[in-house]
Every structure is written in structure tokens, then in C-alpha cells.
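Letter by letter, the chains look like this.
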Amino acid sequence: MDKAIAIFDIGKTNKKFFLFNYSFEILKQESIRFDETTDADGFPSEDLKKLVHWVRTTFDKYNQSDRYQITHLNFSTYGASLVYLNEIGIDTGLFYNYLNQNS
């Protein structure tokens, strides 16, 4: 089983996943794009449900693999967007894009 480092690079347009070995060679790489949705103000916004689903299913796919042992996890993201979470980490409202000056 290869020890691996998982990285999610969440950009405004492209969302990427990388799995590296300890020599920082890419073992796996995936990329996806989502159509934007709108927030309560009608401003273009990230589709949080799609993003969370993709992150969870992608991580689970490799974390449950017999080939890789994920030992480290990192995220790089864009902006300073806002979403409210409840006490168990579930989003309780809309996701607000950091570019929306009304949020």
C-alpha cells in the first residue's frame, strides 16, 4: 500500500484533486467544473452541495482503496466566501460568494 498525500485545489472555475507520494510525484489527478448557482441575492455563487459531494466521494474513493493509505490531507481554496455551519458541521444557510458586496 502506497502512503499518499491528498490535496484538493478548489478554484473558482476548476476543482482539482491530487494524490501525491512522499516524493511529491503525482499518483492520481482529477479535475471537475460545476455550473454556478445563485445566492439569496441572485448573485452567482458556488453550488455548495455539488462541491461537498464531489470532495467527499473523491476522498472516500481513494481513502477506501487497497492501493493507497492517505496520511495527509490539505485544501487550497479561493476567496473568503461565507457559509454558516451548525454544531455538527452541516451547512444551515446559503453559500455567499466573496465577490457579493451585499452579503
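Nothing here was measured: the structure is a model prediction, and the numbers come from that model. (Residues numbered from 1 in each chain as written. Predicted model: local features only at pLDDT ≥ 70, side-chain atom pairs only at ≥ 80, totals over all residues. Heavy atoms only, no water.)

Draft legend 1. Just the pairing of strand β3 (residues 26–32), in detail. The pairing of strand β2 (residues 15–20) with β3 spans 6 bridges and is antiparallel. Within β3, the residue paired with Phe-17 across the bridge is Glu-30. What sits between β2 and β3 in their antiparallel hairpin is a turn of 5 residues, with Phe-24 showing a positive phi close to 60°. (Pairing = 2+ DSSP bridges. Helix = DSSP H or I, 4+ residues; strand = E, 2+ residues; numbered from the N terminus.)

Draft legend 2. Highlighting helix α1 (residues 48–63). Under the 1.5 Å per step criterion, the end-to-end length of α1 is 22 Å for 16 residues, consistent within 8% with the ideal 22 Å. Buried residues of α1: Leu-48, Leu-51, Trp-54, Val-55, Thr-58 and Tyr-62, and no others. What you see down the axis of α1 is that its buried residues fit within an arc of 135°, all on one side. Turned more than 90 degrees away from the buried face of α1 sit Lys-49, His-53 and Arg-56, all of them exposed. Residues of α1 that are buried make contact with β1 (2–10), β2, β3 and β6 (68–77). (Expected span 1.5 Å × (residues − 1). Buried < 20%, exposed > 50% of the residue type's maximum accessible area, 1.4 Å probe, protein only. Arc of directions from axis to C-beta. Contact = heavy atoms within 4.5 Å.)

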